Amino acid sequence: MGDSGLAVRRHFCTRCGSPVYSELDANPGVVAVKAGTLDDPSWVHPNLHMWRESAHPWVEIADDADSFPRNAVA
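On a predicted model such as this, the values are computed, not experimentally measured, just so you know.

The rules we used
- Residues numbered from 1 in each chain as written.
- Predicted model: local features only at pLDDT ≥ 70, side-chain atom pairs only at ≥ 80, totals over all residues.
- Heavy atoms only, no water.
- Salt bridge = Lys/Arg side-chain N within 4 Å of Asp/Glu carboxyl O.
- Helix = DSSP H or I, 4+ residues; strand = E, 2+ residues; numbered from the N terminus.
- Buried < 20%, exposed > 50% of the residue type's maximum accessible area, 1.4 Å probe, protein only.

**Thoughts on the pattern of salt bridges**
- Under the criterion given, the structure shown has three salt bridges.
- The closest approach of N and O atoms between Glu23 and Arg9, which form a salt bridge, is 4.0 Å. With Glu23 in strand 2 (residues 19–24) and Arg9 in strand 1 (residues 8–12), this pair connects stretches of sequence that are 14 residues apart.
- Judged by relative accessible area, Arg9 falls into the partly exposed class, the value being 35%.
- Across the salt bridge formed by Glu53 and Arg70, the nearest N and O atoms sit 3.3 Å from each other. Placement of Glu53 in the loop between strand 4 (48–49) and strand 5 (66–67) and of Arg70 in the segment after strand 5 is noted, with a sequence separation of 17 residues between them.
- Take Glu53: its relative accessible area is 53%, and that puts it in the exposed class.
- Connected through shared salt-bridge partners, Arg9, Glu23 and Asp25 make up one network.

So yeah, pure geometry; function would need other evidence.
Rendered as structure tokens:
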């Protein structure tokens, strides 16, 4: 259950149990892929940041990226 009250489905690696991606009913059609699952994440340039209010201080937000304190869709 997400903060929106809607379902969150988290998918894990069947071999090691690491989180791979998430799907949120609050954001249909959006799949959140965990950056740590990528062999080379250097090519990924996020254009949307959600839950910014709880981000670590070292997280960099590009000037042209949309940023939301919590979910982009309530």
